[in-house]
Amino acid sequence: MAKLRLERVTKIFDRNIHGAKDITFEAEDKEFVVLVGPSGCGKTTILRLIAGLEQPTSGNVYIDGECINDIPPRDRNVAMVFQNYALYPHMDVYENMAFGLKVRGYPAGEIEARVKNAAELLGLSKYLKRKPGQLSGGQRQRVALGRAIVREPRLFLFDEPLSNLDAKLRVQMRSELARLHKRLSATIIYVTHDQVEAMTLGQKIIVLKDGVIQQIADPLTLYQSPANKFVAGFIGSPPMNFIPGKIKEVDNLPVFVHPSLNLKLNRKFLRFINREVELGIRPDDFSRNHGLEIQMIVDVVEPMGNERYIYGHCGDIMLSARIQQDEHPESDKPFRLTIAPEKIYLFDAQTEKRL
Ligand code: ATP
């Protein structure tokens, strides 16, 4: 397996469209790295640059220390699994998996051993004689994975491989992929726009926006210490609540001031007096015990079984909160929430960086 490094890689398409800007990151050997961000943020462009399907406008791509910019895709020993995995409909599962090795001239015995091994790993051994049309969506997706696995590449590139599956199957395939990563001990670069997929699969997550890396971190760090407002709002569901306002000094202490809400802040924010900010609170961080009080007028209650999500407002501020199942908020009535001061995030209103 392999270590990957992108160094200051930029891709500018025709008409000066920036696909990826100054991208630098590393994937360690056997690491599961996820590229995540909204549509058009440059995820696929970066995968294609690694695969050699695009040439960087500037910057270098290295595998195991060797610059591979001038190596053609077929010689990079990198396998890419796409969202639209076109299987050959007239070939059975075995033939679909064997095809790539056949055209590369591998001996029949070697092909058989690799296909059988991959089929076993993917739970496809019973289906080797079936055509793709006789398989479920999840099974077809596994055949597409199998085609990549039999090549024994130094690097796997996955481009939204689960997005064609229904929600339940996606969850199932997600845990299968995590197990597969362990068994293959492979280096994987995985692209998705789904933050839940990113958080559950990635050992290292790279958050992208407009072709620019916003933050590189492990899932917990991304959640607890987002670098800016974009990352804070993108990771976590329902998303973080944001409230625009200003930090003022009252009795030598910093206070967040908005026409509908004043909140005493931690002393550490004293140095930001008079700063225009966005205050952030995760819906999960509200509680009903000690802390700063916020009265919410409840608009909607969503029972989730083990907990409830409530959506409401405080003046013109829209808020969402997660509460326990045994709480009973009522529509159009006030509901008291509390937030611990240390759970409050602040972002600079102009730069959107976390303070
Ligand atoms: P999605 O989740 O929708 O697949 P993405 O994050 O993978 O999006 P990319 O496909 O990498 O985004 O595109 C990044 C930017 O580069 C977009 O603005 C896109 O329109 C542009 N782009 C991608 N490929 C080309 C191309 N061949 N020519 C011109 N512009 C392109």
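Residues numbered from 1 in each chain as written. Predicted model: local features only at pLDDT ≥ 70, side-chain atom pairs only at ≥ 80, totals over all residues. Heavy atoms only, no water.

Here we come to the site of the ligand. In the region of the ligand, the neighbouring residues are F13, I17, G19, P38, S39, G40, C41, G42, K43, T44, T45 and E160. Here an oxygen atom of the ligand and a backbone polar atom of C41 are 3.0 Å apart. A distance of 2.5 Å separates an oxygen atom of the ligand from a polar atom in the side chain of T45. Mapped by element, the contributors of at least two residues to the shell around the ligand are β2 (17-27) and α1 (43-51). The element best represented in the shell around the ligand is α1, accounting for three residues. Taken together, the residues that form the shell around the ligand break down as four nonpolar, six polar and two charged. (Near = heavy atom within 4 Å. Polar contact = N/O pair within 3.5 Å; in protein donor to acceptor, adjacent residues only side chain to side chain. Helix = DSSP H or I, 4+ residues; strand = E, 2+ residues; numbered from the N terminus. Nonpolar A, V, L, I, M, F, W, Y, C, P; charged D, E, K, R; others polar.)

The strand order across the open sheet built from four strands is β2-β1-β4-β5, with neighbouring strands paired in antiparallel fashion. The sheet terminates laterally at β2 and β5 (66-67), the two strands that pair on one side only. Sheet topology places strand β1 (residues 4-13) next to β2; seven bridges connect them, and they run antiparallel. Note on β2: the bridge partner recorded for L6 is F25. Of the strands in this sheet, β1, β2 and β4 (58-63) touch α1, which is tilted by about 115° from β1. (Pairing = 2+ DSSP bridges. Contact = heavy atoms within 4.5 Å. Axes fitted to C-alpha atoms, helices over the stretch in contact; angles between N-to-C directions.)

Attention shifts here to helix α5 (residues 167-184). For α5, which comprises 18 residues, the first-to-last C-alpha distance of 25 Å matches the rise-based estimate of 26 Å (1.5 Å per residue) to within 8%. For α5, the full list of buried residues reads L169, M173, R174, L177, L180 and H181. The arc enclosing the buried residues of α5, seen along the axis, measures out at 140°, which places them on a common side. Seen from the open side of α5, the exposed residues pointing more than 90 degrees away from its buried face are K168, R179, K182 and R183. The elements touched by buried residues of α5 are β3 (32-36), α3 (108-121), α4 (137-149), β7 (155-159), β8 (188-192) and α6 (195-201). Where α5 ends, the next residue or the one after it, S185, has phi of about 40°, a positive value. (Expected span 1.5 Å × (residues − 1). Buried < 20%, exposed > 50% of the residue type's maximum accessible area, 1.4 Å probe, protein only. Arc of directions from axis to C-beta.)

Turning next to α3. Think of an α-helix as 3.6 residues a turn; residues three or four steps apart then line up on the same face. Taking 1.5 Å of rise per residue, 14 residues should cover 20 Å, and α3 covers 20 Å from first to last C-alpha, within 8% of that figure. Each element contacted by the buried residues of α3 is listed here: α2 (93-103) and α4. A positive phi of about 70° marks G123, the residue just after α3.

What follows deals with the sheet that holds strand β6 (residues 78-81). The sheet built from six strands is open, its strands ordered β6-β7-β8-β3-β9-β10 with mixed pairing. Among the strands making up the open sheet, the edge pair consists of β6 and β10 (212-217). The sheet shows a mean angle of 15° between the axes of neighbouring strands, taken without regard to direction. With five bridges connecting them, strand β9 (residues 204-209) and β10 associate as antiparallel partners. Within the sheet, the bridge partner assigned to K209 lies in β10 and is V212. In this fold α1 packs onto β3, β6, β7, β8 and β9, with an angle of close to 150° to the strand it touches most, β7. The strands touched by α4 within the sheet are β6 and β7, with β6 carrying the most contacts at an inclination of about 170°.

Bringing the domain arrangement of the chain into the picture now. Domain annotation for the chain reports domain 1 (4-234) and domain 2 (241-348). Taking only C-alpha atoms into account, the centre of domain 1 sits 39 Å from that of domain 2. Residue-level contacts link eight residues of domain 1 with six residues of domain 2. When domain 1 packs against domain 2, the two sides together hide about 660 Å² of surface, and 59% of this comes from carbon and sulfur. When the buried surface of domain 1 facing domain 2 is broken down by residue, Y223, K229 and A232 rank first, second and third, together holding 73% of it. The tally of links from domain 1 across to domain 2 stands at one salt bridge. Among the salt bridges present, the one from K229 reaches E278, with a minimum N-O distance of 3.6 Å. Remark: the boundary between domain 1 and domain 2 carries two residue pairs in polar contact (both at pLDDT 80 or more). (Domains from an automatic or database assignment. Buried area = accessible area lost by both parts, 1.4 Å probe. Salt bridge = Lys/Arg side-chain N within 4 Å of Asp/Glu carboxyl O.)

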